[in-house]
Amino acid sequence: MESLYRHPSPVNPADALVALALVGPSGSGKSTLCRHLLETTALAQKPIELSRSFTTRAPRGAERDGVEYHFVSKERFRAMIDAGGFLEWAEVHGNYYGTPAAVIDDARARGACGVLFDIDYQGARQIRARVPTLVSVMIVPPSWQVLEARLRGRNTDSDEVIERRMANARAELAHYAMFDYLLLNDDLDGARREIEAIFVAERARRARRAGLAEALLRERR
Ligand code: ADP
Ligand code: 5GP
C-alpha cells in the first residue's frame, strides 16, 4: 500500500501572508513608513504590496489616478458599495474611501508575502472583522506641534484642510486601544526599524509558520 507519508503537504500560503494596517492621524507618517516597507526588499524574498484605495476626494498636487488612489465620483463609489466591491469603506474628512474587495486574494495569487493598508481606524476595524489575522499598527506623533509642523511641511494642504485634519487627529488617536501595536514616529530611523521589526516578527508567528513544521513532520527522514 502507498504510504501516506510520501507526499508532504505544501505550506498553506493563506496562513503565511501578513496583512498589515497602518493607521494614525493625518501627517503621522503612514505613507512614509509604508513606502519604507515596500522599498526594504531585504525583509522578505517575496514582494510586499500596497493596497490601492478608491476615493471620492479630488487628487492633490502631483497625484495621478491609479497611482496613489483610484479617483472616482460619488455615484461610481456608491455603485461599487452596492456591488460588494469593497473589503471596507468609510467616510473620512468628508470624503469616501474604500479598499477593493479582492486585494488580499490578488496579492496572494501574485505570491506576495505582505499587503499594507494605509487606512483609518474605521477601515482597520472592518477588515479585522473579516480577516481576523489582520495586524494593526497605530502611528503616534511625538506631539501635536510636531504633527502640525509635518502637515505644513508636506506642502500639500491648504490652511483650512490642515485645520480640519488637526481637529480629526485627536479622534483618530483616541482609538489607540483597538490596535496591536503603537509606533511612536519621533526619530525616522527608529520608526523605520520598528515597523520592520513588527513585520518580521509577524511573519514568524506560529500560525503563519505552522504549515512548515507540519510538512516536515509528515515527511519520512
Ligand atoms: P500620513 O501618510 O500619515 O498622512 P506622511 O507619511 O505623509 O503622513 O508624513 C507627513 C510628513 O511628515 C511628510 O512630509 C513626511 O516626510 C514627514 N515625516 C514623516 N515621518 C517623519 C519623521 N519621523 N521625522 C520627520 N518628518 C517626518
Ligand atoms: P488622504 O486624503 O490624506 O490621502 O487620506 C485621508 C485618510 O483616509 C487617511 O487617514 C488614510 O489612511 C485614510 N484612507 C485612505 N484610504 C482609505 C481606505 O481605503 N479606507 C479607509 N477606511 N480609510 C482610508
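The structure under discussion appears in the preceding block.
Nothing here was measured: the structure is a model prediction, and the numbers come from that model.

1. Brief notes about the nonpolar core
Point 1. Ala 21, Val 23, Ile 104, Phe 117, Ile 119 and Ile 127 are the most contacted members of the largest nonpolar core, which totals 19 residues.
Point 2. Going through the elements one at a time, strand 1 (18-23), helix 4 (103-109), strand 7 (114-118), helix 5 (121-130) and strand 8 (135-140) are the ones with two or more residues in this core.
Point 3. Excluding anything up to four places from it in sequence, Ile 119 contacts Ala 21, Leu 22, Val 23, Lys 30, Glu 88, Thr 99, Ala 124 and Ile 127.
Point 4. Core analysis: the next-biggest nonpolar cluster, separate from the first, contains 17 residues, Ile 48, Val 135, Leu 183 and Ala 191 among them.

2. Description of the sheet that holds strand 6 (residues 95-100)
Point 1. If you trace the four strands from one edge of the open sheet to the other, you get 4-3-6-5, paired in mixed fashion. Each edge of the open sheet carries a strand with a single partner, namely strand 4 (70-71) and strand 5 (86-92).
Point 2. Where strand 5 and strand 6 come together, six bridges link them in antiparallel fashion. Note that in strand 6 the partner of Ala 90 across the bridge is Tyr 97.
Point 3. Along the sheet face, helix 3 (residues 74-82) touches strand 3 (54-55), strand 5 and strand 6 and points at about 140° away from the line of strand 5.

3. Let's talk about the environment of Asn 155
Point 1. Here Asn 155 is to be found in the loop between helix 6 (144-154) and helix 7 (159-173).
Point 2. Once the C-alpha coordinates of Asn 155 and Leu 116 are considered, the two residues, 39 residues apart in sequence, prove to be 25 Å apart.

4. Re the pairing of strand 1
The two faces of the sheet receive side chains in turn, since in a regular strand these alternate between them.
Point 1. Taken across its six residues, strand 1 has six buried, putting it largely inside the fold.
Point 2. Neither face of strand 1 is left uncovered, since the one carrying Val 18, Leu 20 and Leu 22 and the one carrying Ala 19, Ala 21 and Val 23 both have all their residues buried.
Point 3. Relative to strand 7, strand 1 runs parallel, the two being bridged by five bridges. Within the sheet, the bridge partner assigned to Val 18 lies in strand 7 and is Gly 114.
Point 4. Here strand 1 runs beside strand 8; their pairing, made up of four bridges, is parallel. Its bridge partner lying in strand 8, Leu 20 is registered against Val 135.

5. A few points about the environment of Arg 152
Point 1. Among the structural elements, Arg 152 can be located in helix 6.
Point 2. Given the relative accessible area of 35%, Arg 152 is considered partly exposed.
Point 3. Here the alpha-carbon distance between Arg 152 and Gly 27, two residues 125 residues apart in the chain, equals 9.0 Å.
Point 4. Among residues more than four places away in sequence, those in contact with Arg 152 are Asp 159 and Ile 162.

6. Re the sheet that holds strand 7
Strand pairing in a sheet relies on backbone hydrogen bonds. The paired strands run either parallel or antiparallel.
Point 1. One open sheet accounts for five strands, arranged 2-7-1-8-9; its pairing is parallel. Each having just a single partner strand, strand 2 (48-50) and strand 9 (181-184) make up the two edges of the open sheet. Along the sheet, successive strands turn relative to each other by an average axial angle of 25°, direction set aside.
Point 2. Contacts between helix 5 and the sheet are confined to strand 1, strand 7 and strand 8, with strand 1 contributing the most and set at about 155° to the helix.

Conventions and cut-offs
- Residues numbered from 1 in each chain as written.
- Chains lettered and ligands numbered in written order.
- Predicted model: local features only at pLDDT ≥ 70, side-chain atom pairs only at ≥ 80, totals over all residues.
- Heavy atoms only, no water.
- Core = buried A, V, L, I, M, F, W, Y, C linked by side-chain atoms within 4.5 Å.
- Buried < 20%, exposed > 50% of the residue type's maximum accessible area, 1.4 Å probe, protein only.
- Helix = DSSP H or I, 4+ residues; strand = E, 2+ residues; numbered from the N terminus.
- Contact = heavy atoms within 4.5 Å.
- Pairing = 2+ DSSP bridges.
- Axes fitted to C-alpha atoms, helices over the stretch in contact; angles between N-to-C directions.

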